[in-house]
Amino acid sequence: FLAVRLRLAGLLSTLYLVPGLVLAWVIMQWSMHHRQQYQCYQDERLKHFSELVMNIRTIKALMWERHWLDRIRKAREGELNANQAYTISVGLMVANMHTMTWLMAL
């Protein structure tokens, strides 16, 4: 009885709902992958930084500052890139959910 009342609008909304949910799941998996990458880079950067601080006398005595700063910089760049990809994927997920809501309302 409900299908008769909704007619074409209900059919189109249903046809969009299933692929929309699949797309949301794929984007969420992609998002979680980038979030894990971000956390790995963050852990690496903090590990290098804490080693630098704990061994500062040795590092300064042997003039290894540039080497340690390069390690921290590379980890930070990876962290920022992963964070940017995570932000983009979350934006795509939110946009997808908003389109699904509006189409279901029609």
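Everything numeric here is computed off the predicted structure, so don't read it as measured data. (Residues numbered from 1 in each chain as written. Predicted model: local features only at pLDDT ≥ 70, side-chain atom pairs only at ≥ 80, totals over all residues. Heavy atoms only, no water.)

## What to know about the overall build of the chain
Here's step 1: A count of helices and strands for the chain gives three helices and zero strands.
Here's step 2: Put simply, the chain has 106 residues, and 22% of those count as buried.
Here's step 3: Counting contacts in the chain only where the partners sit at least 6 residues apart, residues at least 24 apart contribute 81% of the total.
Here's step 4: For the chain, the accessible surface area stands at approximately 8,300 Å², while carbon and sulfur atoms represent 67% of it. (Helix = DSSP H or I, 4+ residues; strand = E, 2+ residues; numbered from the N terminus. Buried < 20%, exposed > 50% of the residue type's maximum accessible area, 1.4 Å probe, protein only. Contact = heavy atoms within 4.5 Å. Areas by Shrake-Rupley, 256 points an atom, 1.4 Å probe, with all protein chains shown as cover.)

## What about the pattern of salt bridges?
Here's step 1: The tally for this structure, following the rule as stated, stands at four salt bridges.
Here's step 2: One salt bridge in this structure joins Glu-79 and Arg-45, with 2.6 Å as the shortest N-O distance. Here Glu-79, found in helix α3 (residues 65-105), pairs with Arg-45, found in helix α1 (residues 2-54); they are 34 residues apart in sequence, far enough to count as distant.
Here's step 3: Overall, the relative accessible area of 0% leaves Glu-79 in the buried class.
Here's step 4: With relative accessibility at 19%, the residue Arg-45 sits in the buried group.
Here's step 5: Note that Glu-65 and Lys-60 form a salt bridge whose closest N and O atoms lie 3.6 Å from each other. (Salt bridge = Lys/Arg side-chain N within 4 Å of Asp/Glu carboxyl O.)

## Quick word on the packing of aromatic side chains
Here's step 1: A full pass over the atoms with the stated rule returns zero aromatic pairs.
Here's step 2: Its guanidinium or amino end placed over the ring of Tyr-86, Arg-35 lies 5.3 Å from that ring's centre, counting from NZ or CZ.
Here's step 3: Positioned above the aromatic ring of Trp-68, the side-chain terminus of Arg-71 is 4.6 Å from the ring centre. (Phe/Tyr/Trp six-rings, centres within 6.5 Å; stacked < 30°, edge-to-face > 60°. Lys NZ or Arg CZ within 6 Å of the ring centre and 35° of its normal.)

## Quick word on unusual backbone geometry
Here's step 1: Even without being glycine, Met-63 reaches a positive phi, approximately 55°.
Here's step 2: Within the secondary structure, Met-63 is located in the loop between α2 (56-61) and α3.
Here's step 3: Under the relative-accessibility criterion, Met-63 is labelled exposed at 68%.

## Focus on a nonpolar patch on the surface
Here's step 1: A surface patch of nonpolar side chains, amounting to about 420 Å² of accessible area, comprises Leu-8, Leu-11, Leu-12 and Leu-15.
Here's step 2: On the secondary structure map, Leu-12 appears in helix α1. (Patch = residues over 30% accessible without salt bridge, like charges linked within 9 Å, V, L, I, M, F, W, Y side chains within 5 Å.)

## A closer look at the confidence of the model for the chain
Here's step 1: Per-residue confidence for the chain gives a mean pLDDT of 87; residues scoring 70 or more make up 87%.
Here's step 2: Ranking the helices and strands of the chain by mean pLDDT puts α2 first, with 90, and α1 last, with 86. (pLDDT = per-residue confidence, 0-100.)

## Things to note about the environment of Gln-37
Here's step 1: As for its placement among the helices and strands, Gln-37 is situated in helix α1.
Here's step 2: C-alpha separation for the pair Gln-37 and Asn-81, spaced 44 residues apart in sequence, amounts to 9.4 Å.

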